[in-house]
Structures are given as C-alpha cells and as structure tokens.
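A closer look at the structure
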Amino acid sequence: MLRRRFIHLFGSGILFAALGVNSRRGTTASRDTFQHGVASGDPLADAVIIWTRISGAQGEIIRVDWQVASDSGMQTVLRSGQAKTDADRDYTVKIDVDDLPPGAQLYYRFIVDGVASRIGTTRTLPRGDVPAARFAVVSCSNYPTGYFHAYREIADRRDLDAVIHLGDYLYEYGLGEYATEYAEQLDRIPNPRHELISLEDYRLRHAQYKTDPDLQAMHAAHPVIAVWDDHEIANDCWRKGAQNHNDDEGRWGKRRDAAIKAYFEWMPIRGESRGKHTKIFREFRFGKLLSLTMLDTRLYGRDRQPQMNENMQSNDVHRMLSDPGRRLLGKKQEQWLRDTLSRASETTWQVVAQQVLVSPVRAPDLEPLIDPEGPTMLSREFLDHSIAMSKSHPPLLLDTWDGYAAARQDLLTDLKELAANPVVLSGDLHTSIAGNLHLPGQTEPVAVEFMTASVTSPGFAEYLPERRPGGLSDATRKLNPNLKYMETDRRGWLCMTITPAECSGEWHLLDGVRSRQNSSTIDRRLSVAAGRIAEGLYDS
Ligand SMILES: [Fe+2]
C-alpha cells in the first residue's frame, strides 16, 4: 500500500546419464533457455512445488524434463518426470513433486533439449519433534526503487527453512508513477513502461522481476511461501475494486483475473487461479513446532477501505470505524482460520502470516514533527490536511486492520481462545514494527506482532518530511505503548527463529538500496516465550 497520495500508501544416476545433459552451471545455452531462473515453494512434509520458465519459444508446445535429487551433483535422483508447457501458461512450468522424504534438503533442475537449468535448492517440511525453524520474512520489493540487497542476503544464508513473502512481490505502476524517480539512474525502468492492466502486462512485469540476479538467487536457494498483497494486482485493492483502478482502465474483474492468472503462472504457489474465487489462504505444518497460516487480507473478503483524501473529516473516520459489519478476511476465511487454529492445538506455536498491520496505531500530532516545506511524495494539500487531522489522533492508516476494528477484535478473540502461542507476521507498510496485541480494555497481550521492513519500497520519511530523523517513530511509540519497536527509515528483512521455548524476530536493515554495494546491521531483536504470551515481547 503506501502510495503517492499517502495511503493513495524437484531414479537414479542412470537416468541422469541417459538424458545426456550438460550439468555445468551457467552455460550460455542454459542462460538463454532459462532466463528467469528456477524457484520452489509451498513445501509440505512430502511435497514441494518446483518452477521455471522457458524462454525463446514461439508458439510450440515445449517438453520439459525435471529432476529432484538428494545431492547437489544430481547423482541420486529421487523423483523425475516430464511436463509440457505452452503459450497458454506463458511457457512457465510448475510441478507439484510428491512422495518426497520429510525434513530433507533437496536439489532440482529442468532440462530442455539436453540443456539444463541451474540447480535449485529446496527443503521439505519436518515431521514430529522439531528443535528449531528459521524463516526470512519479506515484503514490498519495488524493482525501480532500488537493488534487491535483502534478497541477496537471504540467498546467502544457509540456515533458513523457507522464505515467507507477504506480498507486494511486484508493483503495478508505470514509469513516472509511484517510486520510479530513480529508475532510469539505476537502469531499473519498469517493463512495460506503463501501468499493468492486461494479462500480457502482468506477465511482462513478472518476467522482468525474475531477471533480477538477487531475486533469482533467493529463489534458487530457498523454498518461498508467498501470498499477494495489493500491488500484484492494483494499489489498495479489495474484493470488488481498487484505489488504483478506474473505469477507463476496463472492467475490474478482468484486470483482477489477469493479475491472478499471471501470479499463478509465475509464482511457485500450489493451486489454480479461479478469478474472484481464488483461495490463497492455506496452512503449513513444521512438525509439532508450529503451524503457519497464510491469509489473504486483500482480495478474498475485504470490504472497501475508508478513502483517505483531502475531504475526509474526523467524524467520517469514526463513523466508518464503528461499523461492526466491516470485514477484512470475510466470513468464510474467518471460519477457515478458526478451524485451522483449532486443529493446530498440537503445535507449540501458531504463526499467522498476513499482509497488513494488526497493531492499532494512533497518529501523533504531526505539526511539531513535520517540516511542511520539506521534500515529500505527497501533495502539499494532502500533507497539510494530514497535519491538521493528526490533532485528534486518528488511526495512522485505514488500509490496515485499524480500518476494520470490529473484525480485528474478532481476530484477537479467536487467537486468545483457540491459539496457545499466537504470533502474527505482517508487512505492507515499509516499516519495521513489533507490538503486543491486546483486546480492547485489557492490559495483557493475547498475541504479538512482528512486521518486516520493505525490500526496497520507500518509507514514511519519504512521505512525511521529518524535522528530526526518527522523530515520527519516537512520537508514535510514545503515543502507542503497545508498540515495542518502530523503524521507518531503513529497508531490509526480518529473520524469525522459532524453538519450542521462544520465538524471536531479528530485523536486518540495510544502509541503502540505491548503491550496488550493500551493508547492513541487525537493528533490533525481540522475543516472546512459549506459554508466556501474556508477558509480551522482550529484548533478547
Ligand atoms: Fe508495499
């Protein structure tokens, strides 16, 4: 979200020999055929999705051999087969490889006409007692805004079970629109140059992102568990439309279905695109250690966001927020989550990963914090209006759970009643946040929240020009003591380490994304103890 107008925000070695493939990595021929790399995702204890895309095809049906092996030299092939792809799926290849051993590091590749892809690494989920799990959590990777250093850092890690991608994997905007100011300087001009509307548009943008070497490295190194946020479709989308969709751009349903089809073609996600009926909410079990639920807070059941603009008045906001009927997940997804949490009682942790901030955040008085003449991505008119509105401390943002207060209370009630150790993961805000989640009027937390920074997308400071760096987050935390950590200015990723005793989040923040050189630091580490959620987050 965060947008221009604020809130506008993969037998045997014998088969290998019979195929006669070139096993060297990085041959010229391989790069030509597999320009978009390889990926894996949605690991289960006995299965994983493997993905690639064939370049250079011109209308014909392509036969693609695939192999999954237990060794990086592809000598011990566990499973293999042949798939076909064609223009109807943009020459992408997606295999749901089953009958695999649990808790295993595996290697995979694809072969076309004797030419092999690079070899990807993936993992199946463990069963039974699991001493520890570790994930990278990411969101908001805007190609024209900067380099994907966060993805490279994640690719270089050898201690991760999976990458959880909370969405905004790509952005729909054209050159000259949101966060493209440095695109030409960085040689990261969006393709196509215009805003994504058609199926061909969305396919081209996915293809461009998957040419990025850092993104390719991350996919080749780890399985990804992904959900979309809004920008894979259009900014601030909901079940019947989007802020960034106008009638002159055609029928919303046609655009949404094109975006979803391209997403299912190009992402290593299990299942099919079924238009507005597409369900991406799903669960992953890491043995007895944790249940990971992935939710869709965007398309499936979201009622329309309150529209923040220059004309909005405090009374309008309060009237909308007091409506108990407004839903973010929709009734069917809410019931699915309750059923899933109930079945997850045999796991120590219940991790609920979803797109938008759950913690309530009231806006501080912006007047003493903001330089009204400073550089901003907002219109001056809207900046002035936001400063005036902040006097009554409204919710900072309304596209988050703050715009759906009754639905949030129901979510937190479900977490309290059905989950022993609930942990919420979120993204979307281009900000690092940690908070204790309380039911209204209660002092003890019922859950905790960890929010990842953006991979590249701009932070609050580029909307709200601060008189003093850090002033906005300091004032926001002071007004909202439920927040234990807030860092608005640096991009990065979140490393989650979960053991039977403790769940910890470590924010890896970058010094910048517009230099090819990367440096980063661990900015903060916060934890919560199993069986002691009510004591909340602590430094560790
Ligand atoms: Fe984003």
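Counting restarts for each chain: residues are numbered from 1 in the order of the written sequence. With the structure being a predicted model, the display of local features is reserved for residues of pLDDT at least 70 and the display and counting of side-chain atom pairs for 80 or more, all residues being used for whole-chain, interface and lining totals. Only hydrogens and water are removed before side-chain values are computed, so all heavy atoms of the structure are retained for them.

1. Quick notes on the packing of aromatic side chains
Describing an aromatic ring pair means giving the distance of the ring centres and the angle of the ring planes. Here the aromatic set is Phe, Tyr and Trp, taking the six-membered ring for Trp, and pairing holds for ring centres within 6.5 Å; pairs whose planes are under 30 degrees apart are stacked, those over 60 apart are edge-to-face, and all others are tilted. Going through the model one piece at a time under the given rule, you end up with 16 aromatic pairs. With 6.2 Å between their ring centres and 70° between their planes, Trp228 and Phe264 make a pair best called edge-to-face. Placement of Trp228 in the loop between strand S11 (223–226) and strand S12 (237–238) and of Phe264 in helix H6 (residues 252–266) is noted, with a sequence separation of 36 residues between them. Side by side, Trp228 and Phe264 carry an identical accessibility label, which is buried. Members of the aromatic cluster, joined through ring pairs, are Tyr143, Phe148, Tyr151 and Tyr209. Taking the ring centre of Tyr143 as reference, the NZ or CZ of Arg188 above it sits at 3.9 Å. The ring of Trp51 has Lys210 sitting right over it, with the charged end atom 5.1 Å from the ring centre. The way it works is that DSSP assigns letters per residue, a run of H or I at least four long becomes a helix, a run of E at least two long becomes a strand, and they are numbered from the N terminus. To sort residues, take the accessible area from a 1.4 Å probe on protein chains only and compare it with the maximum for the residue type: under 20% means buried, over 50% means exposed, and anything in between is partly exposed. Charge-over-ring contacts are defined here by two conditions on Lys NZ or Arg CZ: a distance within 6 Å of the ring centre and an angle within 35 degrees of the ring normal.

2. Regarding the sheet that holds strand S21 (residues 492–498)
If you trace the 10 strands from one edge of the open sheet to the other, you get S5-S2-S1-S11-S10-S9-S21-S22-S23-S24, paired in mixed fashion. Among the strands making up the open sheet, the edge pair consists of strand S5 (92–97) and strand S24 (538–539). The sheet contact formed by strand S1 (residues 38–41) and S11 spans 2 bridges and is parallel. Bridge pairing links Gly41 to Val224 in S11. At least two bridges found by DSSP between two strands is the condition for calling them paired.

3. Description of the coordination of the iron ion
Donor atoms from the polypeptide that bind the iron ion are Cys140 (SG), Asp168 (OD), Tyr171 (OH) and His430 (NE2), placed at 2.1 to 2.5 Å. The site at the iron ion holds 4 donor atoms, and with the angles between them running 85 to 167°, its shape is irregular. Sequence spacing among the residues donating to the iron ion works out to C-x27-D-x2-Y-x258-H. Highlighted residues: Cys140 in the loop between strand S9 (133–138) and helix H3 (149–156) and Tyr171 in the loop between strand S10 (162–165) and helix H4 (199–209), separated in sequence by 31 residues. Each member of the pair, Cys140 as well as Tyr171, carries the same accessibility label: buried. The rule for donors is simple: an N, O or S atom within 2.8 Å of the metal counts, and for Na, K and Ca the reach is 3.2 Å. Water is not among the atoms, so a site may look short of donors. Just to be clear on the cut-offs, tetrahedral is four donors with all angles between 85 and 135 degrees, square planar is four donors and octahedral six with opposite donors over 155 degrees apart and all others between 65 and 115, and anything else goes down as irregular.

4. Focus: the pattern of salt bridges
By definition, a salt bridge exists where a carboxyl oxygen of Asp or Glu is found within 4 Å of a side-chain nitrogen of Lys or Arg. Tallied over the full model, the rule gives 36 salt bridges. When the shortest N-O distance is used, the salt bridge between Asp90 and Arg53 registers 3.1 Å. Note that Asp90 is positioned in the loop between strand S4 (77–85) and S5 and Arg53 in strand S2 (residues 48–53), a separation of 37 residues in sequence. When the shortest N-O distance is used, the salt bridge between Arg327 and Glu334 registers 2.9 Å. A relative accessible area of 7% means that Arg327 is categorised as buried. The class of Glu334 is buried, set by a relative accessible area of 9%. Here the salt bridges share partners, and the residues they tie into one network are Asp229, Asp230, Arg298, Arg302, Asp399 and Asp428.

5. Considering the side chain of Asn235
Mapped onto the fold, Asn235 is located in the loop between S11 and S12. Any pair of nitrogen or oxygen atoms within 3.5 Å is treated as a polar contact; in protein, a donor-acceptor pairing is required on top of that, and neighbouring residues in sequence qualify only through side-chain atoms on both sides. Engagement of the side chain of Asn235 in a polar contact is seen with the side chain of Gln243, the distance being 2.7 Å.

6. With respect to the domain arrangement of the chain
Where interface size is quoted, it is often the accessible area lost as the parts come together. Domain delimitation in this document rests on an assignment produced automatically or drawn from a domain database. Domain parsing of the chain yields domain 1 (14–27 + 34–38 + 51–123) and domain 2 (126–539). For domain 1 versus domain 2, the distance between C-alpha centres works out to 32 Å. We call two residues in contact when some of their heavy atoms are within 4.5 Å. Listed per partner, the contact involves 21 residues of domain 1 and 24 residues of domain 2. Two parts placed together each lose some accessible area under a 1.4 Å probe, and adding up what both lose gives the buried area. For the pair domain 1 and domain 2, the summed buried surface comes to about 1,700 Å²; carbon and sulfur atoms form 45% of the total. For the domain 1 face of the interface with domain 2, the top three residues by lost area are His36, Lys94 and Arg123, together amounting to 32%. On inspection of domain 1 and its partner domain 2, the count reaches 2 salt bridges. In this structure, Asp96 engages Arg270 in a salt bridge whose closest nitrogen and oxygen atoms are separated by 2.8 Å.

7. Points about H6
A turn of α-helix holds 3.6 residues, and therefore any two residues three or four places apart point the same way. For a helix, the expected span equals 1.5 Å multiplied by the residue count minus one. Compared with the 21 Å implied by 1.5 Å per residue over 15 residues, the 21 Å span of H6 between its first and last C-alpha is a close match. Most of H6 is tucked away: 12 of the 15 residues are buried. Among the residues making up H6, those that are buried are Trp252, Gly253, Arg255, Arg256, Ala258, Ala259, Ile260, Ala262, Tyr263, Phe264, Glu265 and Trp266. Buried residues belonging to H6 abut S2, S5, H4, S11, S12 and strand S13 (241–242).

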